[in-house]
Amino acid sequence: MNNNENNAGPVEHEYEEDVEETYVEEGDIADVIPDDMDDDMDDDMDDDMDDDATDPQDQVVLEDDSVQGFFTHKEPVFAVDMHPTDPSIVVSGGGDDKAFLWDTTTGSQLFELEQHDDSISSVKFSADGALVATGGMDGKINVYDIAEQKKTAQLEGPDDIQWMHWHPRGSVLLTGANDASLWMWSLPMGDFMNVFNGHSAPVTCGQFTHSGRNIISGAEDGTLIVWDPKTAAVVRQFTSADERFHQEGITSLAVSRDDQVILTGSMDTTAKLVHVNGTILGSLENSTESVECVGLCDTLSLAATGSVDGSLSIWDINTMRLRTTLKHDDSVTRLKWHKDSPMLTSVSMDCTVRMWDSRTGDCVRVSRGHQEGILDFALSNDGSMVVTASDDGCCLVFAQ
């Protein structure tokens, strides 16, 4: 603004001279709203808000059937295992790179294990419960003496750990890795025993046989291999070169109690039943998507397969026929047969734990409590308790 503008007369006076006064004529008024109508409108708005607040359709009812829980993890919990002789002791590990021993009766932490440099993908107690191992995507395995609550060994060699399994009769640990290899160590000192090479893709599943005399492993290349643990030699191999076998990656496997029959699940939507002598016994086909988990019953000639399509199929393995199809509302992530029982339990991305009677196909119990999908679970020896690991970062304890 220049000096001439600064010396001009008051702006207010110039503005007032230019303004014409206007008035509302009586004929321009359409209606007069009484003062008390404003109060009525306020009351109506309050009533509407109250109605919305109490509308049952807008309310979310959270069901929680759990009897206890562990909430210290701050990221998805990927793995959980229960002590083989004391079901009050559980180990869990997850995406926060942490693992904990905790008490299922109180939900309290017993011992925080050493943190990994990446997510913990597998946790396992030894067969006698004296040791516990944590395996991570950092390629490291830490082993602890539970009684002394101290680390006894750190094992390295493979990359990204996919799974771990202890020998049924000794302190020998087996693991499968993302680099297509399997590794075996003697504990508690952590002495290296053997490395197994034969797959050409990540080893997604594996275990010792019940006798401990062989190792069975399956991989994303569609191969299933039976190994000699002492020599690391291939005893038997099934591949996609045989059109009767899987044509895509193997996701899961189970071994019969007598170690003679192996059941595998695959991304090709099928499950295969094979004999350790090399015979392909049959194909179990009832899914439209990947078969993620499989199991064999201890007491009856039955098999179970769980799929991403939500189906849980029960099969007669003598006739290779489907007995019944059970359903979750989302992908079935894990299933376990109860020990010496026709009952089985499954968990799902639908956030539920379901117990089934395979003889009738009845769902005996549905347990809820998680807000996101269940990724893993542990089952007590008597089948009366389930401990879950979930995408919501929580572990819950359910009575069955």
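Quantities reported herein were computed from a predicted structural model and do not represent experimental measurements.

If you trace the backbone, Leu-155 turns up in strand β9 (residues 150-155). Sequence separation between Leu-155 and Gly-190 is 35 residues; the distance between their C-alpha atoms is 6.5 Å. Apart from residues no more than four positions distant in its own chain, Leu-155 is found in contact with Gly-139, Lys-140, Ile-141, Val-143, Leu-173, Trp-185, Leu-187 and Gly-190.

The next thing to look at is the side chain of Ser-346. Summarising the element assignment, Ser-346 is placed in strand β27 (residues 343-348). A relative accessible area of 0% places Ser-346 in the buried class. At 2.7 Å, the side chain of Ser-346 and the side chain of His-328 are in polar contact. Separated by 2.9 Å, the side chains of Ser-346 and Trp-356 make a polar contact. Not counting residues up to four positions away in its chain, the partners in contact with Ser-346 are Leu-312, His-328, Val-332, Arg-334, Leu-335, Thr-352, Val-353, Arg-354 and Trp-356.

Taken as a whole and judged by the stated rule, the model has 10 salt bridges. A salt bridge links Asp-340 to Arg-257, with the shortest nitrogen-to-oxygen separation between them at 2.5 Å. Placement of the pair is Asp-340 in the loop between β26 (332-337) and β27 and Arg-257 in the loop between β18 (250-255) and β19 (261-266), with a sequence separation of 83 residues. The class for Asp-340 is partly exposed, based on a relative accessible area of 45%. Its relative accessible area of 49% is what places Arg-257 among the partly exposed residues. Bridged by salt links that share partners, the residues Arg-257, Asp-298 and Asp-340 form one connected network.

Each value, and the rule that gives it
- Residues numbered from 1 in each chain as written.
- Predicted model: local features only at pLDDT ≥ 70, side-chain atom pairs only at ≥ 80, totals over all residues.
- Heavy atoms only, no water.
- Helix = DSSP H or I, 4+ residues; strand = E, 2+ residues; numbered from the N terminus.
- Contact = heavy atoms within 4.5 Å.
- Buried < 20%, exposed > 50% of the residue type's maximum accessible area, 1.4 Å probe, protein only.
- Polar contact = N/O pair within 3.5 Å; in protein donor to acceptor, adjacent residues only side chain to side chain.
- Salt bridge = Lys/Arg side-chain N within 4 Å of Asp/Glu carboxyl O.

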